[in-house]
Amino acid sequence: MKIIDMAVYLRKRPEISHFKLMVDWSDVSDTTKDKEAHELYMAGSKNYCKLPDINKQQSKTGLLAFLRYDYKKTLLRTRYLYLDRIFNEKEKRLNGDDLNYAFFEPILICFPNLEFIGRLNFPHLYESSKKQNTSKVLKEMLTQMGKGYKDCAEKLVDWHRHALSHELRPDGFWTYDLNTEEKYGSPKWIGDDMMYLNVPHFIDSCLLEIEKFCSRLTDDSQSDEVMGKFSEYVLKRFVE
């Protein structure tokens, strides 16, 4: 694969129409807020990772720095480790063995990331005192992602998220793989009761949801609403 500074990936945005290596993704919009957020990241200070402080200051730049230049890194490392690292550009497919390939692990990482972004998007569904809020937030988030994620939202949570968290093995009728070729796409039902989940597409879709939130945060017509939802979540999450 093409070798570039890993930090460059932080300023790239997934494209899910077909599989691409991260190096070939488009750059994020070059906005004033993003430049300021990138400067915070490059300065090496982690103050922007303190969500209660970001909320007190109502710092849109701080929240953007946290999401795009800190929180996003977990999924980028996951993407690189399980896909880009073992992608053979000549053959246009993944090359590896059983120790290189992974199915449950990346999905296990994707779900909590998606849940957190869901809490920021739908803070009215988050109640820190109720353990059941996870299902509601995730199902709403998957529904927002549309296409196959909407159709399979309930079973993705019931069969995959819950079982992976507790037993590291999904329940129900499922099949999935790391196909980066003709199977790359959103979840779908095979027959009446078999669900197929493409792992690369799920990783990319979760990364895209982070970037969608960041895009709204850099849009002056939407940023106040975004910060309002962020505040609602933080005040619930960090109860003094």
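None of the values given here were measured: they were computed from a predicted structure.

**Student:** Sorry if this is basic, but what is going on with the overall build of the protein chain here?
**Tutor:** Secondary structure assignment for the protein chain yields 9 helices and 7 strands. By the compact-globule yardstick of 18 Å for 240 residues, the protein chain fits well, its C-alpha radius of gyration being 18 Å. Split into buried and exposed, the 240 residues of the protein chain put 49% on the buried side. Expressed as a percentage of contacts within the protein chain between residues at least 6 apart in sequence, the contacts between residues at least 24 apart total 61%. When the 37 positive and 38 negative side-chain charges of the protein chain are each reduced to one mean point, those points stand 2 Å apart.

**Student:** Sorry if this is basic, but what is going on with helix α4 (residues 104-121) here?
**Tutor:** Working note: α-helix, 3.6 residues per turn, so residues spaced by three or four point in the same direction. Taking 1.5 Å per residue, 18 residues should reach 26 Å; α4 reaches 26 Å between its end C-alpha atoms and fits that length. Counting buried residues in α4 gives 14 out of 18 residues, a clear majority hidden from the surface.

**Student:** Please clarify how the nonpolar core should be interpreted in this entry.
**Tutor:** Of all hydrophobic cores here, the largest spans 65 residues; its most connected members are Leu67, Phe116, Leu142 and Phe202. Beyond its immediate stretch of four places on either side in the chain, Phe116 contacts Leu51, Phe66, Leu67, Tyr71 and Tyr233.

**Student:** When you look at the sheet that holds strand β5 (residues 174-177) in this model, what are you seeing that I'm missing?
**Tutor:** Whenever strands of a sheet pair, they do so through backbone hydrogen bonds, lying parallel or antiparallel. Strand order in the open sheet formed by 3 strands is β5-β7-β6, with mixed pairing between adjacent strands. The sheet is open, and its two edges are formed by β5 and β6 (188-190), each paired on a single side. Taken over all neighbouring pairs, the strand axes of this sheet differ in orientation by 30° on average, direction set aside. Note that β5 and strand β7 (residues 194-198) share 4 bridges and pair parallel. Following the sheet pairing, Asp177 is matched in β7 by Asn198. Strand contacts of helix α7 (residues 153-167): β5, β6 and β7, with the helix running at about 85° to β7, the strand carrying the most contacts. Sheet strands in contact with helix α8 (residues 199-218) are β5 and β7, and its direction is about 60° off that of β7.

**Student:** When you look at the confidence of the model for the protein chain in this model, what are you seeing that I'm missing?
**Tutor:** Low-pLDDT portions of the prediction should not be read for the details of their coordinates. For the protein chain, per-residue confidence averages 90 on the pLDDT scale, and 97% of positions sit at 70 or higher. At the low end of the mean pLDDT range in the protein chain sits α7, at 81; at the high end sits α8, at 97.

**Student:** Explain the packing of aromatic side chains to me, please; I cannot follow it from the model alone.
**Tutor:** The description of an aromatic ring pair rests on the distance of the ring centres and on the angle between the ring planes. Throughout the structure, instances matching the rule amount to 16 aromatic pairs. An angle of 75° between the planes, with centres 5.9 Å apart, marks the rings of Phe116 and Tyr233 as edge-to-face. Within this pair, whereas Phe116 is found in helix α4, its partner Tyr233 is found in helix α9 (residues 223-237), the two being separated by 117 residues in sequence. Judged by relative accessible area, Phe116 falls into the buried class, the value being 10%. Ring pairing ties together the aromatic residues Phe66, Tyr71, Phe116, Tyr126 and Tyr233, which thus form one cluster. Lying over the aromatic face of Phe238, Arg237 brings its terminal NZ or CZ to 4.8 Å of the ring centre.

**Student:** I'm lost on the pattern of salt bridges in this one. Help?
**Tutor:** Working definition: two side chains of opposite charge can pair if their charged atoms are close together. With the rule as written, the count across this model stands at 19 salt bridges. In this structure, the salt-bridge partner of Lys12 is Asp27, at a minimum N-O distance of 3.0 Å. Placement of the pair is Lys12 in strand β1 (residues 12-13) and Asp27 in strand β2 (residues 26-27), with a sequence separation of 15 residues. A salt bridge links Lys236 to Glu232, with the nearest nitrogen and oxygen atoms 3.7 Å apart.

**Student:** Looking at this structure, how should I read unusual backbone geometry?
**Tutor:** Even without a glycine there, the phi angle at Gln58 is positive, about 50°. On the secondary structure map, Gln58 appears in the loop between α2 (51-57) and α3 (60-82). Within the chain, Lys147 stands out as a residue other than glycine whose phi angle is a positive 50°. The residue Lys147 is located in helix α6 (residues 147-151) in this model. By relative accessible area, which is 69% here, Lys147 ends up exposed.

Rules used in this analysis
Residues numbered from 1 in each chain as written. Predicted model: local features only at pLDDT ≥ 70, side-chain atom pairs only at ≥ 80, totals over all residues. Heavy atoms only, no water. Helix = DSSP H or I, 4+ residues; strand = E, 2+ residues; numbered from the N terminus. Rg over C-alpha atoms; globule rule 2.2 N^0.38 Å. Buried < 20%, exposed > 50% of the residue type's maximum accessible area, 1.4 Å probe, protein only. Contact = heavy atoms within 4.5 Å. Lys, Arg positive; Asp, Glu negative; His and termini not counted. Charge placed at Lys NZ, Arg CZ, Asp CG, Glu CD. Expected span 1.5 Å × (residues − 1). Core = buried A, V, L, I, M, F, W, Y, C linked by side-chain atoms within 4.5 Å. Pairing = 2+ DSSP bridges. Axes fitted to C-alpha atoms, helices over the stretch in contact; angles between N-to-C directions. pLDDT = per-residue confidence, 0-100. Phe/Tyr/Trp six-rings, centres within 6.5 Å; stacked < 30°, edge-to-face > 60°. Lys NZ or Arg CZ within 6 Å of the ring centre and 35° of its normal. Salt bridge = Lys/Arg side-chain N within 4 Å of Asp/Glu carboxyl O.

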